[in-house]
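Listed below are the residues making up each chain.
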Amino acid sequence: MRIVGMDVGSTTIKAVVVEDGRVSWRDYQRHNTRQAEKAIEFLTRMEQELSLAAGRDLVFFTGSGAGLIGPLVGGKLVQEVVAVAAAVEKLHPHVRFVSEIGGEDMKTLFFNESGAGKTKQVYMQSACSGGTGTFIEKTARKLQIPAEQLAAMPYDGMSLHKVSSKCGIFAEADANTLLKGGVPVEEIIASLFEAVVYQNLATLTKGNTPLPQVLLLGGPNLFFKGLQQAWRQHLTSLWEDRKCILPADADPADMIQVPDDALYYAALGCIEVAGGEADGVGLYQGTERLRWWIDEGQHQEKAKSGAKALVRENDDLSGFKAAFAASRGELAALASCDSPVFIGCDFGSTTAKAVVLGADREILASVYVPSKGNPIEDAKALFRDIRAKARGPVAGLALTGYGKDLLRDILGADIGVVETVAHATSALHVFPDADVICDVGGTDVKIMILRQGTVSDFRLNSQCSSGNGAFLQGVAERYGIALEDYADKAFQAKAMPGLAMGCGVFLQSDIVNQQRKGWSAEEIMASLAAVLPLNVWIYAGQLQNLRAAGRRFVLQGGTHRNMAVVKAQVDFITAKVPDAEILIHPYSGEAGAIGAALCAIEAHDAGRPSSFRGFDAIEVLDYRSTTSEHTICRWCPVNCKRAFIDVKLDGASGRPWSKVPLEEGWERVISGNSCPKGLMEDANEMRAVKTRMEEQRRELPNIGEMVRSEAFRRAWAET
Amino acid sequence: MARWFDRRPSGGHGQRPERAERAKLRIGIPKVLNVWTTHQLWLGFFASLGIPGNRVVFSSDTSEEQGREFGSGRGTVDCCYPVKCISGHYGELVFGQKRKIDILFSPMIYSMPSFLHGHVADSLACPRVMAAPENIKSGFLKEKDVFAEQGIRYVAPLVSLVDPLQVPKQLFIAFEGVLPGLRFEEVREAVDQGYRTLAAFDRELRSRSRRILEWCAREQRPCVMVLARPYHMDAGIGHEIEADLQAHGYPILWMQYFPTDPDLLDWMFGPDIREGYAKSVFDISDVWPSSYSANTNEILWGAKAAARVPWVTCAIRLTSYECGMDQPTFTPVQQIVERSGTLFFSFQELDSTKPAGSVKIRVETIAHYLQRSSRAVMERKAAAMPAGCPLLEKPACRAGGTATADGD
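Residues numbered from 1 in each chain as written. Chains lettered and ligands numbered in written order. Predicted model: local features only at pLDDT ≥ 70, side-chain atom pairs only at ≥ 80, totals over all residues. Heavy atoms only, no water.

> Before we move on, can you summarise the overall build of chain B with the specific residues and values?
The secondary structure content of chain B amounts to 16 helices and 10 strands. For 408 residues, the compact-globule estimate of 2.2 N^0.38 gives 22 Å, and chain B sits close to it at 22 Å. The principal-axis extents of the C-alpha atoms in chain B amount to approximately 65 × 50 × 40 Å. Considering only contacts in chain B between residues 6 or more positions apart, those separated by 24 or more positions represent 79%. Entry remark: accessible area of chain B is about 15800 Å², with carbon and sulfur atoms responsible for 51%. In chain B, 48 positive and 47 negative side-chain charges are present, and the distance between their average locations comes to 3 Å. (Helix = DSSP H or I, 4+ residues; strand = E, 2+ residues; numbered from the N terminus. Rg over C-alpha atoms; globule rule 2.2 N^0.38 Å. Contact = heavy atoms within 4.5 Å. Areas by Shrake-Rupley, 256 points an atom, 1.4 Å probe, with all protein chains shown as cover. Lys, Arg positive; Asp, Glu negative; His and termini not counted. Charge placed at Lys NZ, Arg CZ, Asp CG, Glu CD.)

Okay, structure coming up:
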């Protein structure tokens with residue numbers, strides 16, 4: 001009798017066949033989202049090569065695809081963690097910690113001696129790509145690193161850079177930025193290995209110490225030498241910190257093993273489990289039903305399982321389009337060349353935008369430049385465009401976005417307006433009693449809840465890419481469809497697959513899967529638009545109760561230019577808040593800049609003259625950029641290679657204390673940092689800023705501070 | 001009331017050799033959870049037993065470094081960060097002291113000495129918070145008994161602080177055999193001393209709060225009131241968010257130490273009582289009938305107070321990630337504050353990391369609205385309150401304390 005253990009994973013299938021307690025056959029292959037086809041191929045080969053026979057031999061299945069495929073061939077299902085644990089207990093009785101990393105999941109197992117037996121503690125996550133194999137491969141593909149080269153790339157001895165460990169899509173973006181900044185691909189890949197180990201330890205140890213001996217399993221752990229090195233580095237230093245007692249003369253690094261058959265442990269575990277089952281369980285029934293499912297069943301299922309289309313039968317699409325398209329804003333004409341104008345600029349992380357308002361708050365011009373990473377050059381380009389369009393004298397300038405503090409003095413802005421206030425001011429200007437603003441941009445999702453004319457709550461998600469517009473755009477590009485045509489395509493769909501809310505990376509593979517089931521581009525695009533509100537409000541925004549947030553919803557941000565998204569948003573919001581009023585900001589993408597300009601008008605009305613430096617002055621801004629050993633950010637181990645951009649500016653105080661000293665009459669702008677901390681040059685500046693802040697604090701009391709400083713010293717009555 | 005603060009002689013047992021032995025002990029207390037409002041009770045208690053303040057060691061403020069260095073691998077499966085972080089505090093007290101501690105004292109505070117007690121259904125601590133020491137200690141016992149290995153006695157008694165008659169018994173049982181020559185009488189006296197010490201501290205901080213309010217009233221300047229649980233004062237839990245606002249030019253009050261002087265409270269709540277909405281100045285049954293939790297009760301009362309004082313133009317709510325105690329209070333607290341026209345902002349889901357970017361944006365947002373609306377808020381609130389505000393009529397003339405609000 002032969003026993004088959006088959007592990008149908010998210011990216012590969014691994015199978016072993018055991019005959020008389022000996023492994024007589026094994027293989028693993030990628031299935032490229034065709035799990036059933038690959039499984040049937042494996043079984044057919046076993047029939048041919050080993051005479052696997054229906055009605056005699058046993059098949060045991062595990063892995064994420066087992067639930068579908070196993071029953072079709074008579075297989076018995078074994079839970080993945082149970083399978084891995086069974087194999088480890090059999091083959092490695094001394095192992096205390098196992099990490100198994102798969103394509104789209106990760107698991108940790110802790111074995112503890114407990115009396116005569118052993119206790120197991122098991123953790124697994126499969127909701128997010130952070131920490132899984134896909135996380136590494138996705139970026140490696142983008143960097144065009146062949147698989148063999150990736151497998152051999154080292155971790156040891158590489159300098160590491162900041163890469164988002166939580167989100168595969170952001171990691172890819174980080175990798176892109178690093179690449180543009182001249183970081184060698186080897187260092188980027190090493191940083192990815194670091195991120196994966198970090199993410200596994202951070203989310204899947206839950207207070208347990210991974211003690212020796214350690215077993216690393218699963219494809220990524222087996223294939224990527226660098227990942228193994230990263231584990232060794234982290235675990236041995238952890239053991240040193242925790243003063244773990246290792247066997248005498250043992251090299252800590254030897255306590256971490258990666259068996260040659262690390263891929264097959266779940267499959268081997270199936271065989272272990274099979275040994276304890278009653279006769280007849282898992283009896284192989286041949287491939288007929290699986291064949292039927294591939295040829296017909298899955299298509300029938302497609303017809304049944306699909307959700308209703310974005311446009312339902314009795315929906316009035318033209319009415320919807322008319323209602324929401326009508327709110328697109330137009331530019332007004334300038335009354336006369338000498339009427340004063342107000343400029344609002346929004347310096348975002350990927351683009352810089354500006355609008356010009358007339359004194360009556362009418363919009364005269366709107367300009368946009370993509371950010372090139374040098375804020376001074378971005379500002380020059382933006383103001384060149386503004387100058388071409390706005391002829392009146394500039395009576396006020398306001399900045400918002402990340403550049404508001406950086407560029408305020410350099411451009412001579414009258415005020416810096418925090419993003420939330422800019423967005424709220426702009427939304428309230430158009431819709432005076434708005435309750436909620438939902439801004440979906442390219443790389444982030446912002447939700448602002450307004451009350452009493454203020455922003456009372458605010459959700460920003462820039463850690464996870466789920467729900468943002470870049471993803472939608474990426475999929476459209478892959479189908480070769482222009483973003484402007486997205487909505488029309490999506491509206492054509494008569495049905496659509498149900499995509500699961502959550503991680504964007506997995507959404508991508510889910511899309512491949514749905515495509516394979518026969519869903520067309522239009523249908524998939526419709527379902528992507530339909531899942532976006534879930535990702536925006538619930539997954540990324542963590543806002544479950546829309547009703548409590550309000551009734552009047554303003555949608556803005558570039559992604560809401562896509563009417564398919566608007567339609568999905570309208571359906572989603574009205575399902576939760578039946579009497580909701582949904583408003584599209586007429587200037588979806590420029591809302592921040594408009595808000596800033598409105599604040600500039602408010603400041604001007606309060607009698608403040610403008611300190612704008614003038615177009616000419618900005619055009620000839622003299623600056624020099626330094627990137628050296630001394631500009632490297634030392635705030636955290638990521639060590640961003642920043643650029644110090646020094647701008648000549650009358651009256652600027654310079655930075656005599658800096659490692660890259662700056663004389664009087666120059667102002668410094670820091671760029672190339674990946675977090676706000678990097679805007680601070682070093683400890684010298686930190687001290688200066690801290691002292692200034694403490695002085696400000698000393699001026700006014702804080703009862704909490706008094707508790708912090710006085711309550712824990714000695715008994716009050718004693719003093 | 002003045003007699004409360006009279007110094008008492010420390011009793012006749014100063015000469016006993018056991019007390020000299022005790023004075024050599026070092027006691028470590030994790031500076032966590034409700035220790036943030038009962039600190040002085042413990043300091044007074046130990047002082048009375050012959051262990052001076054300089055031998056009582058509190059752990060440092062919570063920090064991620066502390067957690068990494070001393071707590072990692074000993075954590076618990078608990079989404080409540082104020083509980084979870086205690087592993088780091090225990091670890092710091094056990095491993096991170098230059099001079100070793102002999103006793104790790106981590107009280108399981110079942111009920112709290114709340115100023116609202118007697119006006120509310122009860123003054124209990126959150127059950128998860130109360131049981132935290134049990135939860136955390138397992139991380140130090142699971143693999144081996146770390147306390148025994150380090151020669152530390154672990155003392156974690158259940159204490160019902162709202163019931164001062166119970167406490168001596170609870171603490172005597174806990175410390176008998178741990179503190180040399182301990183007698184029940186001594187413990188009873190020490191508990192009394194603890195309560196007196198705590199009361200003295202609270203009274204001083206309330207009087208400072210009053211002076212801040214008087215200064216605001218006199219100068220027509222706005223201030224900000226924090227509505228949060230006591231441990232949000234911990235720089236690693238509340239992330240000093242209120243201090244960022246302070247740096248924008250606003251004095252900061254914490255609801256826990258709001259002045260409770262009868263003249264002020266009568267001015268604030270008298271009309272409600274006379275019209276039959278409230279039974280006393282500390283009554284919260286009008287807004288929170290199931291008033292069992294001390295910290296929750298105080299937050300609700302704080303919201304009522306913030307709503308009534310014209311110079312409190314903004315209330316800040318801090319809550320930790322997934323706090324089940326706070327969740328049902330979000331709407332009532334917000335509405336109580338906002339109905340009065342006071343600005344209200346909440347920082348929810350605080351966790352281990354200070355979300356520096358988002359906090360900066362929020363603080364700047366709040367500062368913007370405070371600057372724009374404070375004057376109007378003060379005027380509107382003042383118009384809704386009765387004449388004769390004692391904050392305006394009685395200039396500060398209280399003894400003790402060092403805080404000044406007149407710094408500008």
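> So what about helix 14 (residues 403–411) of chain A? Which residues, and what values?
Residues and elements named next belong to chain A. Where helix 14 is concerned, the buried positions are Gly403, Lys404, Leu406, Leu407, Ile410 and Leu411. Down the axis of helix 14, the smallest arc covering the buried residues is 155°, so these residues share one side. Two residues or fewer past helix 14, glycine 412 is found with a positive phi of approximately 75°. (Buried < 20%, exposed > 50% of the residue type's maximum accessible area, 1.4 Å probe, protein only. Arc of directions from axis to C-beta.)

> Could you give an account of the sheet that holds strand 23 (residues 623–626) of chain A, with specific residues and numbers?
Strands pair in a sheet through their backbones, by hydrogen bonds, and they do so in one of two ways: parallel or antiparallel. Residues and elements named next belong to chain A. Taken together, the 3 strands give an open sheet; going across it, the order is 23-24-25, and neighbouring strands pair in antiparallel fashion. Because the sheet does not close on itself, it has two edges, and the strands there are strand 23 and strand 25 (666–671). Direction aside, the axes of adjacent strands within the sheet are offset by 20° on average. Bridge count for strand 24 (residues 643–648) against strand 25 is 6 bridges, and the pairing is antiparallel. Bridge pairing in strand 25 links alanine 643 to serine 671. Running at roughly 155° to strand 25, helix 14 makes contact with strand 24 and strand 25 of the sheet. (Pairing = 2+ DSSP bridges. Axes fitted to C-alpha atoms, helices over the stretch in contact; angles between N-to-C directions.)

> Lay out the side chain of Thr287(A) in plain terms, naming residues and giving numbers.
Residues and elements named next belong to chain A. On the secondary structure map, threonine 287 appears in the loop between helix 10 (265–275) and helix 11 (288–305). Given the relative accessible area of 15%, threonine 287 is considered buried. Non-local contacts of threonine 287, meaning those with residues more than four positions away in its chain, are made with Ile40, Leu43, Glu47 and Val73.

> Just give me the short version of the interface of chain B and chain A, but keep the residues and values in it.
Taken together, the contact between chain B and chain A spans 68 residues of the former and 47 residues of the latter. For the chain B face of the interface with chain A, the top three residues by lost area are Gln246(B), Ile361(B) and Tyr369(B), together amounting to 11%. Here chain B is connected to chain A by 7 salt bridges. Across the pair Glu364(B) and Lys404(A) runs a salt bridge whose closest N-O atoms are separated by 2.6 Å. The interface formed by chain B and chain A holds 18 residue pairs in polar contact (both at pLDDT 80 or more) in total. Only helix 2 (35–48), helix 10 (184–219), helix 11 (241–246), strand 8 (252–254), helix 14 (330–339), strand 10 (343–350) and helix 15 (356–384) of chain B provide two or more residues apiece to the side of chain B that touches chain A. (Buried area = accessible area lost by both parts, 1.4 Å probe. Salt bridge = Lys/Arg side-chain N within 4 Å of Asp/Glu carboxyl O. Polar contact = N/O pair within 3.5 Å; in protein donor to acceptor, adjacent residues only side chain to side chain.)

> Which residues make up the sheet that holds strand 7 (residues 223–227) of chain B, and what values do they have?
Residues and elements named next belong to chain B. Strand order in the open sheet made by the 4 strands is 8-7-9-10, with parallel pairing throughout. Edge positions in the open sheet fall to strand 8 and strand 10, since each of these has one partner strand only. Across the sheet, the axes of successive neighbouring strands diverge by a mean angle of 25°, strand direction being ignored. Along the sheet, helix 13 (residues 294–308) makes contact with strand 7 and strand 9 (312–320), crossing strand 7 at roughly 160°.

> I'd like a rundown of unusual backbone geometry, residues and numbers included.
With an omega of 0°, the peptide bond running from Pro212(A) to Gln213(A) counts as cis. Tracing the backbone shows Gln213(A) in the loop between helix 7 (185–204) and strand 9 (214–217). Although it is not a glycine, Glu322(B) adopts a positive phi angle of roughly 55°. Position of Glu322(B) among the secondary structure elements: in the loop between strand 9 and helix 14.

> An account of the pattern of salt bridges is requested, with residue identities and associated values reported.
All names here are of chain A. On inspection of all chains with the given rule, the structure shows 51 salt bridges over all chains. Arginine 384 is paired through a salt bridge with glutamate 619; the nearest N and O atoms lie 2.9 Å apart. With arginine 384 in helix 13 (residues 375–389) and glutamate 619 in helix 23 (residues 615–619), the pair connects residues that are 235 residues apart, well separated along the chain. For arginine 384, a relative accessible area of 42% puts it in the partly exposed group. Taking the relative accessible area as the measure of exposure, glutamate 619 reaches 32% and is therefore partly exposed. Among the charged side chains, a network of salt bridges with common partners joins Arg2, Glu19, Arg56 and Asp57.

> A description of the side chain of Ser99(A) should follow, citing residues and the corresponding values.
In this structure, Ser99(A) sits in strand 6 (residues 97–101). Excluding residues within four positions of it along the chain, Ser99(A) makes contact with Lys107(A), Leu215(A), Leu216(A), Leu217(A), Asn221(A) and Trp231(A).

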